[in-house]
Amino acid sequence: MLVPSLKVQDLIEEIRGAKTQAQEREVIQKECAHIRASFRDGDPLHRHRQLAKLLYVHMLGYPAHFGQMECLKLIASPRFTDKRVGYLGAMLLLDERQDAHLLITNSIKNDLSQGTQAVQGLALCTLSTMGSAEMCRDLATEVEKLLLQPSPYVRKKAVLTAVHMIRKVPELSTIFLPPCAQLLHERHHGILLGTITLIMELCERSPAALKHFRKVVPQLVQILRTLLTTGYSTEHSISGVSDPFLQVQILRLLRILGRNHEESSETMNDLLAQVLAVNILGRFLLNSDKNIRYVALTSLLRLVQSDHSAVQRHRPTVVECLQEPDTSLSRRALELSLALVNSSNVRAMTQELQGFLQSCPTDLRADCASGILLAAERYAPTKRWHIDTILRVLTTAGAHVRDDAVANLTQLIGGAQELHAYSVRRLYCALAEDISQQPLVQVAAWCIGEYGDLLLEGSCEEIEPLQVEEEEVLALLERVLQSHMSLPATRGYALTALMKLSTRLRGDNNRIRQVVSIYGSCLDVELQQRAVEYDTLFRKYDHMRAAILEKMPLVERGGPQVDEEAKESKEEARLLEAAPVPTEPQASKLLDLLDLLDGPSEDAQHPRPLDPSPGGALVHLLDLPCAPPPAAPIPNLKVFEREGLQLSLSFVRPPETPALLLITVTATNTSGGDVTHFICQAAVPKFPAAATGPQWGHSSSSGWPSDDPAPQNPQS
Amino acid sequence: MYTRIQHPLHLSMQFMLLFSRQGKLRLQKWYVPLSDKEKKKITRELVQTVLARKPKMCSFLEWRDLKIVYKRYASLYFCCAIEDQDNELITLEIIHRYVELLDKYFGSVCELDIIFNFEKAYFILDEFLLGGEVQETSKKNVLKAIEQADLLQESQNEEWGGLSEDIL
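Residues numbered from 1 in each chain as written. Chains lettered and ligands numbered in written order. Predicted model: local features only at pLDDT ≥ 70, side-chain atom pairs only at ≥ 80, totals over all residues. Heavy atoms only, no water.

Chain B is annotated in an unreviewed UniProt entry as AP complex subunit sigma from Equus caballus. The record in UniProt for chain B states the following under Sequence similarities (unreviewed entry): "Belongs to the adaptor complexes small subunit family." Per UniProt, chain B has the following entry under Subunit (unreviewed entry): "Adaptor protein complex 1 (AP-1) is a heterotetramer composed of two large adaptins (gamma-type subunit AP1G1 and beta-type subunit AP1B1), a medium adaptin (mu-type subunit AP1M1 or AP1M2) and a small adaptin (sigma-type subunit AP1S1 or AP1S2 or AP1S3). Binds to MUC1." (UniProt positions renumbered as here; feature names shortened; annotations may be inferred.)

An unreviewed UniProt entry lists chain A under the name AP-1 complex subunit gamma, with Equus caballus as the source organism. Recorded under Sequence similarities (unreviewed entry), the UniProt text for chain A is reproduced unchanged: "Belongs to the adaptor complexes large subunit family."

Below, the structure is given as C-alpha cells:
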C-alpha cells in the first residue's frame, strides 16, 4: 500500500467533519479497513500511527479488538514511540479478561530489567493499570529489584506497582514489606507517598504488619512536622499548604496505626492537635468555598472536645462565620462558638452571641438562647452580669427560651440577696415595656411578688432611681393577668405575686382582694383554685397570711448536680456494702445530700427515695402544723421497730416561727447486716388553707420541684 | 447492573472519565478490570447523571456504591469514581492538579487540545497517577518527565530515520 496512511490528527478532523452519525460511521469503517490491512502487511514504521488512530476510534465506541496483537508488537519494538503507543493500547484494549494479556508479560519483564528509565516507567505504569494476578506473580521480583534502583523516577513507580500487586496477590506482601523501612527515609515526595500507600495496604491486610509498622509512627510524625515547618515550596504547595497529598496520606496511615493503640496515639497526638489539623482548619475557615468552610467548622467542632486551646485560636474567625447567610454554616458556627466560650472570653463571646441572637434565623434562636444561658451559668464573672445576661436573652428571644430558664433565673436571683433590689427594678422596667415575652413576664412577676417592698422603698445605686407607685405595680400585674397574651402559667405567677404583695406593700389590700375574689370564678380551673384559696386566706386565715407569704428561701438546685452526688454516694455505698459496719462518713455524705436548708423555711421538700445504703440515714422533713400548735414541746416518738431497723420522730418548733413544726425522722440500723432498698416517703394531708394541691401532686415523684419553680409552691 | 470488582479492602480511584457537555467521551482511564460492555454502560449512565446536575450543586454525588467527584472546566467534565471511604476533597485536588498539568503542557488548554492530542493527555495522566494513586506531587517533576519522554521520542525518530515532524 503506497498511499500514505492518514495522520491521526487528520483522521480526527475528518471524523469531526462528518455531519451525521451515518457519515461518521462510514469514515471510521473505511479507515478501520485501512488499518486492518496495514496491520496485516503494513510497514512497522507507521504501526504506531495506525494503532493510535484505532485507539481514538475505540474511544468513540467502535470495536478495536483487532488491534490487540498490534499492541504486543509495538511493545516489543525497540523504538520508544512504538512502546509508548503500544503500552497505551495495552492499557486500553487488553485487560485480564483477555487471554492475550498474558502475552505482554515477557515484554514487560524485558523492559523492566533492561529498559531505559522511560521504558521502565511505561512498563510499570501498564503493569499497575491492567496487571492480572498471574502477571503480578511473574513480575514481582523484577519490581522488587526496581524498588532499590537509584533513580527516583523509577522507584516511585515501582512502589505503587507493588501496591497494585499486593491488591491482586496479597501473598506478595512478604516480598514488599521489608523494603518499606528503608523507603521511608527517602526525601523524594513521590517515593514517600507511594511508600506510605504501600504500608497502608500492608497494614490493612495483616494485623502482624500493622503491629510491625507501629514503630514507624515517630518517623511519620517527623516527616509531617517537617512538611509543616519548612514552609512554602513552590513545587509541592497548594494554596500555601505543603504537599497536601502527602500530608493526607500520612494522616490516613497514622489513623490506621493509631487506632486502638494508645502509645502510637500519644506519639502523634501532640503534633496532630497542636500544629497540624487546627491550623489547616483555621485557614479553611477563610476559604471562599462554602463546602470547605462547612467541613472546617464541623471538624473544628469535633476537635474542640479534645483540644480546646488549639481551636480557641480561631475564635475570631468562627465568630465572623456567625454572619453567614447560609443557615447550615451559621448553625455550625453557633455550635462552635458556644463550645469555645470559657471563663476568660465569656463577656466578649456573650456580647457577640447576643448580637447574633437578635438577628439570627428563627430555627437557630432556641439553640442560641439556651447556649447563651448555659454559658452564662457556667462562666458568669459576677452575679449581676449573670442576671443582666439572662434578662437580655429573655427580652430578645423570650419566646424561644427553654422552660427551665425561668426556674434557673428565679433561683439565681433568689440566691443573690444583694441584687434583689437591682433585679426587681430591672425586671419591673422590662415588664412595663413588654408583657408579651412569657418567660420574662413570669420571672418578673415572681420577682415583683417576692421583692415588691424593695421595688418601692429600697434605693439601688446601680441603676437610676425609680419612682414607682404601689398602684402602678398592682396595675401592671393586673394587666398581665388580664392579657390574652399571657399563658395560664403566667397568669398563675401574676396572681400569686399579687397575693404576696398584700404583705409587702403598705397600702390597704382592697384592690388585691378584689382581684382575688374576681378570679374565684375564673374559667381557668387552676387560676380559679388559686384565687379561691387566696381568698380564703384573706377571709379565714388572715393571721397566717404573713407567715405563708413570707420571702422564699433559696431552693437547692435539683437535677444533674444532685444526681451526680447521688451516683457518687451510690458508688461509695457499694464499696461500703462489702464492709459490715456502717460508717459515719457515709451517713454524713447522705446528710449533705439531703441537708437542704438552714433556718426556718416553708419549703416543699419532698423526701427523696434514698439510695441503698448500709448506714443510717437522716431525713429532714419540714412540715406545717396541721392544727393550732400547742405551746409545749412534743416528746420524741419511736414509731417503728423491726429486725433492728428503728424509726423515730422528733419534733422541734423553731422559736422564730411558732407556726412551724420541724419533724425529723431518724432511721437506725442496729442489725448486723446491711439495709438495702431503704425508701422513706412521707405523706402529708392536704391543707385547704395552705396547700396548693396540683403542685404537690405532680412534684412528689421526682422529689425535686424542678418542674415547678419554687415560687409556685411556697408551702407543702 | 454494575458488577463492581470486589477489592477486598481499598482502592483509591476506580476510574476517571473526561467528557464534553454533549456527553462525548474524551478520555477514559479504568483502574479496575471491566468488560467493554460494562464500561460502556457505566460511562453512559454516569455521563447522564453528571450532566443532569445543576451548576450550583456541590461536586460530590453518590452513585451506586461509589462516590463520584466531578468538576467542570469550560466544556469538559472531569469525573472520578472513588471508594466510599476516600477523601472527596483530595480527589478534587487531584482533578485540579491534572487540569493544571494539561494547562501547562498545552499552554492554556482547551477541549480541542485534548481531542487532537488524546494520547498526550493519557501520557500526562500516567505521569501523575499510577494504579489509581498519586505518584508525583511535584508539578514540575511531572512536566519534566513528559518533556523528556517527548524529546526521547523525537530524537529516536530522527536517529531511526523516521518522520521528524508530526510523529503520529
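So much for the structure itself; the text now carries on.
Peer 1: Which parts of the structure should I look at to understand the overall build of chain B?
Peer 2: Regarding its fold elements, chain B presents five helices and seven strands. Its helices and strands in sequence order give chain B the pattern β-β-α-β-β-β-α-α-α-β-β-α, from N to C terminus. Taking all 168 residues of chain B together, the buried fraction comes to 59%. Sequence-distant contacts, at least 24 apart, represent 51% of the contacts inside chain B between residues at least 6 apart. A total of about 7,300 Å² of accessible surface is found on chain B, and carbon and sulfur atoms cover 51% of it. (Helix = DSSP H or I, 4+ residues; strand = E, 2+ residues; numbered from the N terminus. Buried < 20%, exposed > 50% of the residue type's maximum accessible area, 1.4 Å probe, protein only. Contact = heavy atoms within 4.5 Å. Areas by Shrake-Rupley, 256 points an atom, 1.4 Å probe, with all protein chains shown as cover.)

Peer 1: Help me out: how do you make sense of helix α12 (residues 189-205) of chain A in this one?
Peer 2: In an α-helix, one turn spans 3.6 residues; hence positions three or four apart end up facing the same way. In this model α12 of chain A runs 24 Å from its N-terminal to its C-terminal C-alpha over 17 residues, within 8% of the 24 Å that 1.5 Å per residue would give. In terms of residue burial, α12 of chain A counts as a mostly covered element, since 15 of its 17 residues are buried. (Expected span 1.5 Å × (residues − 1).)

Peer 1: Can you walk me through the sheet that holds strand β3 (residues 60-63) of chain B in this structure?
Peer 2: Strands belonging to one sheet form pairs held by backbone hydrogen bonds; the direction of such a pair is parallel or antiparallel. Residue and element names in this part refer to chain B. Strand order in the open sheet made by the five strands is β2-β1-β5-β4-β3, with antiparallel pairing throughout. Because the sheet does not close on itself, it has two edges, and the strands there are β2 (25-30) and β3. Averaged over all neighbouring strand pairs, the angle between strand axes comes to 20 degrees, with direction disregarded. Relative to strand β5 (residues 76-82), strand β4 (residues 66-73) runs antiparallel, the two sharing seven bridges. (Pairing = 2+ DSSP bridges. Axes fitted to C-alpha atoms, helices over the stretch in contact; angles between N-to-C directions.)

Peer 1: I'm lost on the pairing of strand β1 (residues 13-20) of chain B in this one. Help?
Peer 2: Remember that side chains alternate between the two faces of the sheet whenever the strand is regular. Residue and element names in this part refer to chain B. Most of β1 is tucked away: eight of the eight residues are buried. As paired elements, β1 and β5 share seven bridges and run antiparallel to each other. If you follow M16 over to β5, its bridge partner there is C80. What sits between β1 and β2 in their antiparallel hairpin is a turn of four residues, with G23 showing a positive phi close to 90 degrees.

Peer 1: Can you walk me through a nonpolar patch on the surface in this structure?
Peer 2: There is a patch of nonpolar side chains on the surface, built from L637, V639 and F640 of chain A and spanning about 240 Å² of accessible area. Among the secondary structure elements, F640 of chain A is positioned in strand β4 (residues 637-642). (Patch = residues over 30% accessible without salt bridge, like charges linked within 9 Å, V, L, I, M, F, W, Y side chains within 5 Å. Salt bridge = Lys/Arg side-chain N within 4 Å of Asp/Glu carboxyl O.)

Peer 1: How do you make sense of the interface of chain A and chain B when you look at a structure like this?
Peer 2: Accessible area lost upon the coming together of the parts serves often as the stated size of an interface. On the side of chain B, 65 residues touch chain A, which itself brings 62 residues to the contact. Interface of chain A and chain B: buried area, both sides summed, is about 5,800 Å²; carbon and sulfur atoms make up 58% of it. Three residues stand out in chain A for area buried against chain B, namely M59, R84 and F245 of chain A, and they jointly supply 14% of the buried area on that side. Run the count over chain A and chain B and you get five salt bridges. In this structure, D150 of chain B engages R84 of chain A in a salt bridge whose closest nitrogen and oxygen atoms are separated by 2.9 Å. On the surface where chain A and chain B come into contact, there are 14 residue pairs in polar contact (both at pLDDT 80 or more). For the side of chain A that touches chain B, the element with the most residues is α12 of chain A, which contributes eight residues. In terms of residue class, the side of chain A that touches chain B is built from 25 nonpolar, 17 polar and 20 charged. (Buried area = accessible area lost by both parts, 1.4 Å probe. Polar contact = N/O pair within 3.5 Å; in protein donor to acceptor, adjacent residues only side chain to side chain. Nonpolar A, V, L, I, M, F, W, Y, C, P; charged D, E, K, R; others polar.)

Peer 1: For this particular structure, what's the right way to read the packing of helix α8 (residues 133-146) of chain A against helix α9 (residues 152-168) of chain A?
Peer 2: Packed helix pairs are characterised by how far apart their axes lie and by the angle those axes make with each other. All names here are of chain A. Two numbers describe how α8 lies on α9: the axes approach to 10 Å, and their chain directions differ by 150 degrees. Judged by the sense of rotation from one axis to the other, the crossing of α8 with α9 is left-handed. Facing A133, C136, L139, A140, V143 and L146 of α8, the residues of α9 in contact are V154, R155, A158, T161, A162, H164, M165 and K168. For the contact of α8 with α9, the residue count by class is 10 nonpolar, two polar and two charged. (Left-handed = near helix turned anticlockwise from the far one by under 90°.)

Peer 1: Can you walk me through the nonpolar core in this structure?
Peer 2: Most often, soluble globular proteins keep nonpolar side chains buried together rather than apart. Counting residues in hydrophobic clusters, the biggest one holds 155 residues, and the most contacted among them are F176 of chain A together with Y98 of chain B. If near-sequence neighbours (up to four positions away) are discounted, Y98 of chain B is found in contact with M16, L18, L27, F78, A121, Y122, I124, L125 and F128 of chain B. Counting residues in each nonpolar core, the second largest holds 92 residues, with L322, Y428, Y451 and Y534 of chain A among its members. (Core = buried A, V, L, I, M, F, W, Y, C linked by side-chain atoms within 4.5 Å.)

Peer 1: How do you make sense of helix α7 (residues 117-130) of chain A when you look at a structure like this?
Peer 2: Its 14 residues place the ends of α7 of chain A 20 Å apart at the C-alpha level, agreeing with the 20 Å of an ideal helix rising 1.5 Å per residue. The element α7 of chain A is largely enclosed, with a buried count of 13 among its 14 residues.

Peer 1: Help me understand the side chain of S502 of chain A in this model?
Peer 2: Along the chain, S502 of chain A turns up in helix α28 (residues 488-504). Excluding residues that lie within four positions of it along the chain, S502 of chain A makes contacts with N509, I512, F538, R545 and L549 of chain A.

Peer 1: Just checking my understanding: could you explain the state of the cysteines for this structure?
Peer 2: Among covalent bonds in proteins, the disulfide is the one between the sulfur atoms of two cysteines. All told, the structure shown has zero disulfides over all chains when counted by the stated rule. Residue C360 of chain A stays outside any disulfide, its sulfur separated by 5.2 Å from that of C368 of chain A, the closest cysteine. (Disulfide = S-S within 2.5 Å.)

Peer 1: Whenever I open this one, the packing of helix α23 (residues 383-397) of chain A against helix α24 (residues 404-415) of chain A confuses me. Can you help?
Peer 2: Residues and elements named next belong to chain A. For the pair α23 and α24, interaxial distance at closest approach is 10 Å and the crossing angle is 150 degrees. Put simply, α23 runs roughly antiparallel to α24. Regarding α23 and α24, the two cross each other, and that crossing is left-handed. Between α23 and α24, the contacting residues are K383, H386, I387, I390 and L394 on the first element and L409, L412, I413 and G415 on the second. (Parallel < 35°, antiparallel > 145°, perpendicular 65-115°, else oblique.)

Peer 1: What's the story with the pattern of salt bridges in this structure? I'm lost.
Peer 2: With the rule as written, the count across this model stands at 34 salt bridges over all chains. Of the charged contacts, one joins K500 of chain A and E450 of chain A as a salt bridge, the two residues approaching to 2.9 Å between their closest N and O atoms. Note that K500 of chain A is positioned in helix α28 and E450 of chain A in helix α26 (residues 438-456), a separation of 50 residues in sequence. Like K500 of chain A, the residue E450 of chain A is buried in the burial classification. Overlapping salt bridges bring together R167, E201 and R205 of chain A together with E133 of chain B as one network.

Peer 1: Can you help me understand the confidence of the model for chain B in this one?
Peer 2: Interpretation of the predicted coordinates at a detailed level should be avoided for regions scoring low in pLDDT. All names here are of chain B. Averaged over all residues, the pLDDT of chain B equals 86, while 86% of them reach at least 70. Taking the mean pLDDT of every element in chain B, the minimum, 82, falls on β3 and the maximum, 97, on helix α4 (residues 118-128). Within the model, pLDDT remains below 50 along residues 1-9, and this stretch shows 25 contacts once partners closer than five positions in the same chain are excluded. Reported confidences for the modelled complex are a pTM of 0.55 and an ipTM of 0.92. (pLDDT = per-residue confidence, 0-100.)

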